[in-house]
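# Chain and residue survey
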Amino acid sequence: MKILVTGGLGFIGSHTVVELQEKGFEVVIIDDCSNSDEQVLNGITAITGKRPEFEKIDLKEKDKVEDFFKRHQDVAGVIHFAASKAVGESVEKPLLYYENNIGTLVYILKELCKKNKASFIFSSSCTVYGQADKMPITEDAPVKVAESPYGNTKQMGEEIIADTCKVTPGLNAIALRYFNPMGAHPSAEIGELPKGVPQNLVPFITQTGIGLRDQLAVFGDDYPTEDGTCIRDYIYVVDLAKAHVVALERLLDGKNADNYEVFNVGTGTGSSVLEAIQSFERVSGKKLNYKVVDRRPGDITTAYADTTKANEILGWKSEYTLDEAMKSAWVWEQKIRD
Ligand SMILES: NC(=O)c1ccc[n+]([C@@H]2O[C@H](COP(=O)([O-])OP(=O)(O)OC[C@H]3O[C@@H](n4cnc5c(N)ncnc54)[C@H](O)[C@@H]3O)[C@@H](O)[C@H]2O)c1
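Residues numbered from 1 in each chain as written. Predicted model: local features only at pLDDT ≥ 70, side-chain atom pairs only at ≥ 80, totals over all residues. Heavy atoms only, no water.

Where an unreviewed UniProt entry is consulted, the protein appears under the name UDP-glucose 4-epimerase, with the organism given as Maribacter sedimenticola. Under the UniProt heading Subunit (unreviewed entry), the entry covering the protein gives this text: "Homodimer." We quote the UniProt Cofactor (unreviewed entry) comment for the protein here in full: "NAD(+)". (UniProt positions renumbered as here; feature names shortened; annotations may be inferred.)

Following this line, the structure appears as structure tokens:
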């Protein structure tokens, strides 16, 4: 069965392509390489022994999207990762984010609506919850006013899919709300490749550990948490990739209860910034140079998932510990700087 993975050369997309191929799916990737590299195909091939089909297309080009679906009538499902994801940049360039994250979503959904039956998985984010009132966060927690255009594209994306599913019986969709993805494939053939200054904590930690950056800034240690630093739910990227495969299978097998569903994907455990640093120091045997600085505007205090729904309905559970995931990120960092 052929599955289109948009953004399949990116961090989460490449790990998901591996899991799909290992389950026997035929994969076609669309990526414009705006935040990835064609070399990632070699990494995927080294792991799975099979080179996925790849088309370099910018999904903002509506005609090319239409043309792709004309040529690939046999695509049964789409996992849509392609998006821009830098929160700060989205504040500076809102229209770029609305065009790339909303425009491309609409073009793909339009094509799927032309089919009798289609399955669609959307990369959403725990940012939709903002600072939730209760921990752990369930899927029923209210969606809060978005803090950035990026966050808004995830909220709007979910609404666009829900509205479209309501009037399109053949379209079945799941939005996965990721918590904080991290780590690299155990083979170290693929991993996170941030262009420029990393936006996420873990690549910043590993880049500091390897000496690419002088110091890690810890934004605030006066939050109302045990050690005063912010708490997040770090989910290993291979666990996250597997969640996409089970979600897709649920739709393809027609086991979904509704034609639009939402699931949290996290570990269910919160770790503070200092705990993440300690994890790095444990697995690398290195002291990390870090400094506590002022809080960063827009950071929420605590976010970790209630994963009961994904555990019970998808039959999915995260397997890797923070240390195991951190170790994979460190092995990967050392390999790419070799
Ligand atoms: N990494 C995270 O912390 C995180 C958390 C929550 C949600 N998400 C979402 O998950 C998805 C994947 O994230 P990621 O971390 O793998 O990001 P990534 O940047 O590594 O991957 C996205 C891929 O999409 C491609 N792309 C972007 N715009 C495109 C376009 N117009 N046409 C074709 N390809 C395009 C990029 O080149 C890149 O390879 C995104 O939608 C992101 O918003 C990520």
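Still to come is the rest of the account.
Attention now goes to the layout of surface pockets. Any space left empty among the atoms is revealed by the rolling of a water-sized probe across them. Reported here for the second largest pocket is a volume of approximately 170 Å³. Of all the elements in the fold, those that place two or more residues in the lining of the second largest pocket are helix H1 (11-22) and helix H8 (237-252). With five residues, the single largest contributor to the lining of the second largest pocket is H8. Of the residues that constitute the lining of the second largest pocket, the class distribution is three nonpolar, one polar and eight charged. Built from parts of two domains, the lining of the second largest pocket gets at least three residues from each of domain 1 (2-182 + 234-265) and domain 2 (201-232 + 268-337). (1 Å grid on protein atoms, 1.4 Å probe; cavity = no way out; pocket = protein on both sides within 12 Å on 5 of 7 lines; lining within 4 Å. Points joined across faces, edges and corners; volume = space filled by probe spheres on them. Helix = DSSP H or I, 4+ residues; strand = E, 2+ residues; numbered from the N terminus. Nonpolar A, V, L, I, M, F, W, Y, C, P; charged D, E, K, R; others polar. Domains from an automatic or database assignment.)

Here we take up the packing of H1 against H8. Where H1 meets H8, the closest approach of the two axes is 8 Å, and the angle between their N-to-C directions is 60°. Considering their axes alone, H1 and H8 lie oblique with respect to each other. The chirality of how H1 crosses H8 is right-handed. Taking contact as the criterion, the partners of Phe11, Ile12, His15, Thr16, Glu19 and Leu20 in H1 are, on H8, Val237, Val238, Leu240, Ala241, Lys242, His244, Val245 and Leu248. (Axes fitted to C-alpha atoms, helices over the stretch in contact; angles between N-to-C directions. Parallel < 35°, antiparallel > 145°, perpendicular 65-115°, else oblique. Left-handed = near helix turned anticlockwise from the far one by under 90°. Contact = heavy atoms within 4.5 Å.)

Another aspect to go through is the side chain of His185. Looking at the element boundaries, His185 is found in the loop between strand E7 (180-182) and helix H7 (201-210). A distance of 2.7 Å separates polar atoms of two side chains, one belonging to His185 and the other to Ser187. If we ignore the near neighbours within four places in the chain, the residues touching His185 are His15, Val18, Ile47, Ile190, Tyr236 and Val238. (Polar contact = N/O pair within 3.5 Å; in protein donor to acceptor, adjacent residues only side chain to side chain.)

Taking 1.5 Å of rise per residue, 12 residues should cover 16 Å, and helix H9 (residues 273-284) covers 17 Å from first to last C-alpha, within 8% of that figure. Among the 12 residues in H9, nine count as buried, and that is most of the element. Within H9 the residues assigned to the buried category are Val273, Leu274, Ala276, Ile277, Ser279, Phe280, Glu281, Val283 and Ser284. The inward-facing, buried residues of H9 contact H7, strand E8 (216-219), strand E10 (234-236), strand E12 (271-272), strand E13 (290-293) and helix H11 (322-336). Of the residues flanking the end of H9, it is Gly285, one or two places downstream, whose phi is positive at about 70°. (Expected span 1.5 Å × (residues − 1). Buried < 20%, exposed > 50% of the residue type's maximum accessible area, 1.4 Å probe, protein only.)

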